[in-house]
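The residues making up each chain are set out below.
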Amino acid sequence: VEFKNVDGQRKLCEIEGTEKNLPADLILVAAGFTGCENYGAKAFGVNLSARNVVATAEGKYDTSREKIFSAGDMRRGQSLVVWAISEGRECARQIDEYLMGYTNL
Ligand SMILES: Cc1cc2nc3c(=O)[nH]c(=O)nc-3n(C[C@H](O)[C@H](O)[C@H](O)COP(=O)(O)OP(=O)(O)OC[C@H]3O[C@@H](n4cnc5c(N)ncnc54)[C@H](O)[C@@H]3O)c2cc1C
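Residues numbered from 1 in each chain as written. Predicted model: local features only at pLDDT ≥ 70, side-chain atom pairs only at ≥ 80, totals over all residues. Heavy atoms only, no water.

J.: I keep staring at the overall build of the protein and nothing clicks. Help me out?
T.: The number of helices and strands found in the protein is three helices and two strands. Listed N to C, the secondary structure of the protein is β-β-α-α-α in terms of helices and strands. Its C-alpha atoms give the protein a radius of gyration of 18 Å, more than 25% over the compact-globule value 13 Å for 105 residues. Residue burial in the protein is summarised as follows: out of 105 residues, 17% are buried. By sequence separation, contacts in the protein at least 24 residues apart represent 22% of the contacts at least 6 residues apart. If you sum the accessible surface of the protein, you get close to 8300 Å²; carbon and sulfur atoms cover 53% of it. Looking at the protein, you have 13 positive and 15 negative side-chain charges, and the mean spots of the two groups are 4 Å apart. (Helix = DSSP H or I, 4+ residues; strand = E, 2+ residues; numbered from the N terminus. Rg over C-alpha atoms; globule rule 2.2 N^0.38 Å. Buried < 20%, exposed > 50% of the residue type's maximum accessible area, 1.4 Å probe, protein only. Contact = heavy atoms within 4.5 Å. Areas by Shrake-Rupley, 256 points an atom, 1.4 Å probe, with all protein chains shown as cover. Lys, Arg positive; Asp, Glu negative; His and termini not counted. Charge placed at Lys NZ, Arg CZ, Asp CG, Glu CD.)

J.: Help me out: how do you make sense of the site of the ligand in this one?
T.: Around the ligand sit Tyr 39, Gly 72, Asp 73, Ser 79, Leu 80, Val 81 and Ala 84, and those are all the residues in its vicinity. Asp 73 is positioned such that a nitrogen or oxygen atom in its backbone is 2.8 Å from an oxygen atom of the ligand. Val 81 is positioned with one of its backbone polar atoms (N or O) 2.8 Å from an oxygen atom of the ligand. Protein coverage of the free-state accessible area of the ligand, which is 1000 Å², stands at 28%. Among the residues making up the shell around the ligand, the classes are represented as four nonpolar, two polar and one charged. (Near = heavy atom within 4 Å. Polar contact = N/O pair within 3.5 Å; in protein donor to acceptor, adjacent residues only side chain to side chain. Nonpolar A, V, L, I, M, F, W, Y, C, P; charged D, E, K, R; others polar.)

J.: I tried to follow the pattern of salt bridges on my own but got confused; where do I start?
T.: For side chains of opposite charge, pairing can occur when their charged atoms come near one another. This structure, assessed with the given rule, holds four salt bridges. In this structure, Lys 4 and Glu 2 form a salt bridge, with 3.7 Å as the shortest nitrogen-oxygen distance. Judged by its relative accessible area of 39%, Lys 4 is partly exposed. Its salt-bridge partner being Glu 87, residue Arg 75 comes within 2.7 Å of it at the nearest N-O pair. With a gap of 12 residues between them, Arg 75 in helix H2 (residues 73-76) and Glu 87 in helix H3 (residues 81-100) connect regions that are remote in the sequence. The same class applies to Arg 75 as to Glu 87, namely buried. (Salt bridge = Lys/Arg side-chain N within 4 Å of Asp/Glu carboxyl O.)

J.: Just to check I follow, could you spell out the pairing of strand E2 (residues 9-13) for this structure?
T.: For a regular strand, side-chain orientation follows a simple rule: the groups alternate between the two sheet faces. In the sheet, strand E1 (residues 2-6) pairs with E2 via five bridges, with the strands oriented antiparallel. Within E2, the residue paired with Glu 2 across the bridge is Cys 13. Hairpin connection of E1 to E2: two residues between the antiparallel strands, including Asp 7 at a positive phi of 50°. (Pairing = 2+ DSSP bridges.)

J.: How should I be thinking about the packing of aromatic side chains in this particular structure?
T.: The geometry of two aromatic rings is summed up by the distance between their centres and the angle between their planes. Summed over all chains, the structure comprises one aromatic pair. Ring centres of Phe 69 and Tyr 98 lie 5.6 Å apart, and the angle between their planes is 70°; on these two criteria the pair is classed as edge-to-face. Of this pair, Phe 69 sits in the loop between helix H1 (38-44) and H2 while Tyr 98 sits in helix H3, placing them 29 residues apart in sequence. Residue placement shows Arg 75 over the ring face of Tyr 61; its charged tip is 4.3 Å from the ring centre. Looking at Arg 76, its charged tip hangs above the ring of Trp 83, at a distance of 3.6 Å from the centre. (Phe/Tyr/Trp six-rings, centres within 6.5 Å; stacked < 30°, edge-to-face > 60°. Lys NZ or Arg CZ within 6 Å of the ring centre and 35° of its normal.)

Written out as structure tokens, the structure is:
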């Protein structure tokens, strides 16, 4: 498979002519870098970006729905623990500011 831009969305697509049949008793599919699980975003009614993660403005954590914030892999896509920690802290700061009008975090 390879990533292609389909209708403005980054989608994982099959590469024609590369199909193979392999015997197997059990198949576990572990597909990374495909974006977030959509059920979470759908449940909250937030918009997704072309990379299939929760859309926010750059450097911001508020989403298309008021009072809903997103951070970590749901916002950035599959990444590193240090980014998830950093985004969690930044997101908490923005939520505090949203709620209080100022923040000391
Ligand atoms: C196999 C693998 C190996 C990795 N190796 C590394 C590595 O070596 N170094 C590194 O820095 N990063 C690594 N990463 C990436 C790192 O784990 C992630 O970037 C990081 O964990 C993202 O943190 P997060 O808090 O955004 O999301 P997560 O850690 O995924 O936390 C999301 C949490 O939400 C919970 N959740 C989901 N749905 C619901 C629901 N409906 N209700 C309640 N809870 C829910 C999940 O159970 C989970 O606990 C790896 C990731 C994977 C998958």
